[in-house]
Each structure stands twice: as structure tokens, then as C-alpha cells.
Amino acid sequence: PSLESSNPLRLAEMTEKALSLLQPETQKNTTAKPFFLMLEASQIDWCGHANDIACAMGEMRDMAATMKIIKAFIDKNPNTIFVATADHSTGGLSIGAKGQYQWNAAVVRNVKATAPKIARKLLASKNNWKAEWQALTQIKLADDEQKALDAFITQADESNSEIVVGQVTAQVSAYIDKYSSTGWTTKGHTGEYVQIFSYGKGHTNFSGAMDNTDIAKKLMAYLKP
């Protein structure tokens, strides 16, 4: 995931490179060859299945940077269209949970790794796990929450390491969700409508409620000679 990558904006970097190859400097201001480019921001689905809000927002940051690059490209090449959508939503995310009609984005922004990565680092730290927790999340836990994590970490049975990692991961996720007021309804896919975004030439062809197969048909029409 982007949150743990040495190149957190890797989709943006790959997109910028792909566009430069598909329309190099020598073709600009001339009659460029047409092209079709498909990009997938795939890790957002993994983050949703894991109910990991920091992971999800890391992927959204990468996607936002990517869309800025695409918009700039289209502004310079107006005979181009960009369409973005999804095949489904995952996790049933709510911003605001357990009666709290607010969402603390600052908490999410301060989390430096995915919940499983944090869990493994805490377990590796053993008695020094509190310092590791602060460095990775900046969340101040209540006394009972510290005791709950301490029980898992300091008494961990290394022969059941993956089970323990799972238990600590669940606790880590619960605390991040609590302090950010993030809610989830499922670990699976959800059935609500997903958005369609479009920009560039003919963008009004992709607006309103559309069947997913109609999106494909309209895109294929652009490729006809």
C-alpha cells in the first residue's frame, strides 16, 4: 500500500511516465497518435477489506495526485477524455461513528503504517511498545486501552505468532477507528452506487446514473475509426 511504500505516490509517478511515453514532447503541438490508457488504483480495495482507514486514505492521496496530473495533461491536450469510476465500494465506510457526527482526519493523517505493520512493530518492540505506538500513530491511549494492548504484546506466545498479530491488529484498528470516529459495516463489498467522474472532450457523455456496461460501450465508441 501507498502508506508503507518508499514511493507513496507511485500511481501518480507511473501515470506521468505513461503519458510522457504515449505522447512524447516531439508529438506535442502536432497531430498525435490516439491512445487508450487504463489505470487501476487497486490497493484501495485491499484497504477496504481490511477496514484500515489510514491505508485507504493513503491510496486516496495517491489517486488525488494522479487526477491532478491527468487534468493538467488534458488542459494541454483538449482532444482527450478522462473517465474514472469503480466496480464497487468496499467496507461500508462511514466518517463519523457510534453517535459522533464528526470525523477526525488529523488522527488518520498521523498514522504512519497499516494496522498489521503497526502490530508487528509493536510485538517486535516488546516492553518498548508504547514508544513505538506513539511514533507510528501519535494517539494517546486511555489506561485501560494501554493495558489491553500490553496484555497481548508482553504475553505473546511466539508459537502462535500469526494469531497474536491478528489480535493486535484488531486492537490497533479499533483504536484508530475510535479516535478518528471512523465506522465500517463489513469486511466485504457493498452494493451502493459508485460515482463516475469525467473531464475533457465529450465529458457530458459520462454523467448521471449509468449502467456499468454503458460506460464500456461509450468508451469503445471513441476507438472506432
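Before reading further, recall that the structure is shown in the block above.
Rules used in this analysis
Throughout, a residue's number is its position along its own chain's written sequence, starting from 1. In keeping with the predicted nature of the model, local features appear solely for residues at pLDDT of at least 70, side-chain atom pairs appear and are counted solely at 80 or more, and the whole-chain, interface and lining totals rest on all residues. Side-chain metrics in this entry use all non-hydrogen atoms of the structure; hydrogen atoms and water are not considered. To obtain each axis, a line is fitted to C-alpha atoms, and for helices this fit is confined to the stretch in contact; angles are then taken between N-to-C directions over 0 to 180 degrees. Helix numbers and strand numbers start at the N terminus; a helix is a DSSP run of H or I with at least 4 residues, a strand a run of E with at least 2. In what follows, roughly perpendicular refers to angles from 65 to 115 degrees, roughly parallel to angles under 35, roughly antiparallel to angles over 145, and oblique to any angle outside these ranges. Left-handed is the label given to a crossing in which the near helix is rotated counterclockwise from the far helix by less than a right angle, and right-handed is the label when the rotation is clockwise. Should any heavy atoms of two residues lie within 4.5 Å, those residues are counted as being in contact. Three residue categories are used. Nonpolar comprises Ala, Val, Leu, Ile, Met, Phe, Trp, Tyr, Cys and Pro, charged comprises Asp, Glu, Lys and Arg, and polar comprises the others, including Gly. Categorising residues by exposure relies on relative accessible area from a 1.4 Å probe, with only protein chains included: less than 20% of the type maximum marks a residue as buried, more than 50% marks it as exposed, and the intermediate range marks it as partly exposed. Expected helix span is computed as 1.5 Å times (number of residues minus one). When the sulfur atoms of two cysteines come within 2.5 Å, that pair is taken as a disulfide. Comment: arc refers to directions from the helix axis out to C-beta atoms. The working definition used for a salt bridge is a side-chain nitrogen of Lys or Arg within 4 Å of a carboxyl oxygen of Asp or Glu. Only the six-membered ring of Trp is used, alongside the rings of Phe and Tyr, when aromatic pairs are assigned; centres must lie within 6.5 Å, and planes under 30 degrees apart are stacked while those over 60 apart are edge-to-face, with the rest tilted.

**What about the packing of helix α5 (residues 115-125) against helix α6 (residues 129-137)?**
Then comes step 1: Where α5 meets α6, the axes come as close as 8 Å, and the angle between the chain directions of the two elements is 155 degrees. Between α5 and α6, the angle is such that the two are roughly antiparallel. The chirality of how α5 crosses α6 is right-handed. Two secondary-structure elements touch here, α5 through Ile 118, Lys 121, Leu 122 and Ser 125 and α6 through Trp 129, Glu 132, Trp 133, Leu 136 and Thr 137.
Then comes step 2: The residue makeup of the contact of α5 with α6, split by class, is five nonpolar, two polar and two charged.

**Digging into unusual backbone geometry**
Then comes step 1: Phi is positive for Asn 51, which is not a glycine, with a value near 50 degrees.
Then comes step 2: Relative to the helices and strands, Asn 51 is located in the loop between α2 (43-49) and α3 (53-76).
Then comes step 3: Positive phi, normally seen in glycine, also occurs at Gln 138, with a value near 60 degrees.
Then comes step 4: With respect to the helices and strands, Gln 138 occurs in the loop between α6 and α7 (143-154).
Then comes step 5: Given the relative accessible area of 46%, Gln 138 is considered partly exposed.

**Remarks on α3**
For an α-helix, 3.6 residues make a turn, and residues three or four places apart therefore share a direction.
Then comes step 1: Its 24 residues place the ends of α3 35 Å apart at the C-alpha level, agreeing with the 34 Å of an ideal helix rising 1.5 Å per residue.
Then comes step 2: Burial in α3 covers these residues: Ile 53, Ala 54, Cys 55, Ala 56, Gly 58, Glu 59, Asp 62, Ala 65, Thr 66, Ile 70, Phe 73 and Ile 74.

**Quick look at the state of the cysteines**
Then comes step 1: Tallied over the entire structure, the rule returns one disulfide.
Then comes step 2: Between the sulfur atoms of Cys 47 and its disulfide partner Cys 55 the distance amounts to 2.0 Å. On the sign convention where negative is left-handed, the bridge of Cys 47 and Cys 55, at about -50 degrees about the S-S bond, is left-handed.

**Regarding the packing of α5 against helix α8 (residues 161-180)**
The relative placement of two packed helices comes down to the angle between their axes together with the axis-to-axis distance.
Then comes step 1: In the contact formed by α5 and α8, the axes pass within 8 Å of each other and the chain directions differ by 115 degrees. When you trace α5 past α8, the crossing you get is right-handed. Contacts between α5 and α8 involve Ala 115, Pro 116, Ile 118, Ala 119, Arg 120, Leu 122 and Leu 123 on the former and, on the latter, Glu 162, Val 164, Val 165, Val 168, Thr 169, Val 172, Ser 173 and Ile 176.
Then comes step 2: Residue composition of the contact of α5 with α8, by class: 11 nonpolar, two polar and two charged.

**Regarding α5**
Then comes step 1: Among the residues of α5, Ala 115, Ile 118, Ala 119, Leu 122, Leu 123 and Ser 125 are the ones counted as buried. All buried residues of α5 project into a common sector of 160 degrees when viewed along the axis, lining one side.
Then comes step 2: Residues of α5 that are buried make contact with α6, α7 and α8.

**Here's the deal with the pattern of salt bridges**
Pairs can form between side chains of opposite charge once their charged atoms are near each other.
Then comes step 1: Going through the model one piece at a time under the given rule, you end up with four salt bridges.
Then comes step 2: Among the ionic pairs, Glu 162 bridges to Arg 120, the shortest N-O distance being 3.3 Å. Within this pair, whereas Glu 162 is found in helix α8, its partner Arg 120 is found in helix α5, the two being separated by 42 residues in sequence.
Then comes step 3: Glu 162 gets classed as exposed once you look at its relative accessible area, which sits at 51%.
Then comes step 4: A salt bridge links Glu 145 to Lys 178; the shortest N-O distance between them is 2.6 Å.

**Observations regarding the packing of aromatic side chains**
Think of a pair of aromatic rings as described by two things: how far the centres are apart, and how the planes are tilted against each other in angle.
Then comes step 1: Going through the model one piece at a time under the given rule, you end up with three aromatic pairs.
Then comes step 2: Judged by centre distance (6.5 Å) and plane angle (90 degrees), the rings of Trp 133 and Tyr 175 are edge-to-face. A residue pair is termed long-range when its members are at least 10 positions apart, and Trp 133 in helix α6 and Tyr 175 in helix α8 qualify at 42 residues.
Then comes step 3: Look at Trp 133 and you get buried, because its relative accessible area is 2%.
Then comes step 4: Taking the relative accessible area as the measure of exposure, Tyr 175 reaches 8% and is therefore buried.
Then comes step 5: On the basis of an interplanar angle of 25 degrees and a centroid distance of 6.4 Å, the ring pair of Phe 206 and Tyr 222 is categorised as stacked.

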